[in-house]
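Report on the structure
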Amino acid sequence: MELRRRYFVERTEAAKLEMEAAIERAQRARVDLDAAVAATFEAAGIDPDDLAEEREPVGDPFPRLSRASIVDEAPAATAYVEDHLPKAIELIERHAPNGWFEREPADLFRFSSVPDEQPVSIVKGVRLESERPKGHRLRQAMILAKDYLANDPRYDHFGGALAVTQLAQLGRRIEALRAVGGSQERIDALYSGADTDSIMFELLVAAACSAKGRAMVFVEPTSVKSPDLRCTDAFKMVVECKRSAALTVYEVDEEARMRSLFHLLRAGAMARGQFGRYEVAFSVEASAVDIADVAATCLRQRLAAHPERPLSYPWGSVAFRPMPRRVDLDDVTKAYSPIMLDEVFGWKLEMPSWDGFICQIDGPPAVAVDRVRSPVGLAWRVDAEAAITKRSRAPLGLFAKAVTQVPRGEFGLVYVAYPEGARSDVADNRTHAYMERIHQWEHDGAIRIPATFLVRQFPMPTGHGNPDMVENTVRFLSEEGGGGEWIFREYPAAIFTSKD
């Protein structure tokens, strides 16, 4: 492997001849070994098939690929964040530059304790303000972790489903991470203005590989493209990590249109005392509709004989499920908790059938409630083929970028991660698109990609707002790239969760 790498780096005739000579020696040795083994079996009168070892198959015999199967058959909890967050908090605080945490106010990452007239908008299982905070992502994670442990009512449970769970995993893997060369420098990079989530993913991949027994070292970045990690033990290869944001630009723009619709809708609903859940299914892209016309149509839906039954229009359909001005809850819970959203609006975070949901009730978001007043909600989906195609795009661009980081003449593993919270058909389309294209992928013949891992995160706050996340990894093996099932025994599939 070293001679192969040297040839593709140096591209000299001497390196080529040395590599070819080594390949020829290895081939002759393999032929001699096979002949010697066959002669031994023949002399002993043993049939080699009688000694064949039945290896336990690697992987899940019933792989869960669809979103529904992953959520419905989610395994029992592998860890509790409360057990590991203190270690992670101590690590981050110990290495932080002086005064780093005081550079931004903590309230920047919290729910407001006073009414702010802002609705809660959920797209793909995440709240836009939580996924794209106005401050530093690491500060957000730390505030969320501390607020959760302190049972602070201002805790943002939508942001915590991702940020708190991955921070807890870092705490769980601290010992394994300490064995990785260059980990200190990569931890220091968390405090910069770079992509915190991507750096956190690299740290967790390194720690997971180390926990598997691999001798890992971070590759120091240079002006030349290079991988994130290198394994230096007998299972030598490089590792490149790529992580996608939860929301695309298209989805953010779509959410902005729906937020504008909701503001018009709620103003009209409050003026008429018309509370409940509005359901809008678009047959065209959201950018093509007249928002004011859709709002007026929604408000007229209450006059229908059966307002809960959808009525069709050129741009889609509308339904309305009326509610009283005041709704009593079965128990005290956080405002906008999964329990409240389900009990009041029928919105299930773990398995949405809509693209997004926007709602608002009277009062501040950072408060415990046993009664909800003036509930107005909007469930929306876009069934236009163009929209579904754009929302279902697989992270193939990340895989393409990762492949270019692998040095010529080397073997490289690729880990691609993305949060998944879309409705089932969109989520499944994304997975199938990745699977279909990855088998047709072509890359520079001077590198080898024996395997790649597609790591899917399903953030799902539960109950009164407890952070939870289900991880599911799809593994791809390339025999042409030098892959074998041994890779799945020596390199991890679980990054954000673990069974030990």
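Look up: the structure comes first, before these words.
So, here is what we can say about the structure in this document. (Residues numbered from 1 in each chain as written. Predicted model: local features only at pLDDT ≥ 70, side-chain atom pairs only at ≥ 80, totals over all residues. Heavy atoms only, no water.)

**What about the packing of helix α6 (residues 137-149) against helix α7 (residues 157-172)?**
Note the following rule: Axis definition: a line fit to C-alpha positions, over the contact stretch in the case of helices; interaxial angles, taken between N-to-C directions, run 0 to 180 degrees. To qualify as a helix, a DSSP run of H or I must reach at least 4 residues; to qualify as a strand, a run of E must reach at least 2; elements of each kind are numbered from the N terminus. When an angle is under 35 degrees it counts as roughly parallel; over 145 it counts as roughly antiparallel; between 65 and 115 it counts as roughly perpendicular; any other value is oblique. Two residues qualify as a contact provided that any one of their heavy atoms is within 4.5 Å of a heavy atom in the partner residue. Each residue gets one of three labels, nonpolar for Ala, Val, Leu, Ile, Met, Phe, Trp, Tyr, Cys and Pro, charged for Asp, Glu, Lys and Arg, and polar for the others, Gly among them.
Two numbers describe how α6 lies on α7: the axes approach to 9 Å, and their chain directions differ by 90°. Taken as axis vectors, α6 and α7 run roughly perpendicular relative to one another. Only Gly159, Gly160, Ala163, Val164 and Leu167 of α7 make contact with α6, whose side of the interface consists of Ala141, Met142, Leu144 and Ala145. For the contact of α6 with α7, the residue count by class is seven nonpolar, two polar and no charged.

**Some thoughts on the pattern of salt bridges**
What counts is decided by this rule: For salt bridges, the criterion is a side-chain nitrogen of Lys or Arg within 4 Å of an Asp or Glu carboxyl oxygen. Exposure is judged per residue with a 1.4 Å probe applied to protein chains only, and the accessible area is read against the type maximum: over 50% gives exposed, under 20% gives buried, and values in between give partly exposed.
On inspection of all chains with the given rule, the structure shows 35 salt bridges. Asp355 is paired through a salt bridge with Arg391; the nearest N and O atoms lie 3.5 Å apart. Linking Asp355 in the loop between α13 (338-345) and β10 (356-360) with Arg391 in helix α14 (residues 385-391), this pair joins segments that are 36 residues apart in sequence. With a relative accessible area of 4%, Asp355 lands in the buried category. On the accessibility criterion, Arg391 (1% relative accessible area) is buried. Salt bridges sharing common partners tie together Glu254, Asp355, Arg381, Asp383, Arg391, Arg423 and Asp425.

**Regarding the environment of Arg381**
Which entries qualify depends on this criterion: Nitrogen and oxygen atoms within 3.5 Å of one another constitute a polar contact, given that in protein one can donate a hydrogen and the other can accept it, and given that sequence-neighbouring residues count only through two side-chain atoms.
On the secondary structure map, Arg381 appears in strand β12 (residues 376-382). Sequence spacing of Arg381 and Phe218 is 163 residues, and the spatial spacing of their C-alpha atoms is 43 Å. Among all residues touching Arg381, those that are not within four sequence positions of it are Val280, Ala281, Phe282, Ser353, Trp354, Asp355, Arg423 and Asp425. Within the structure, the side chain of Arg381 is placed 2.7 Å from the backbone oxygen of Ser353, a separation counted as a polar contact.

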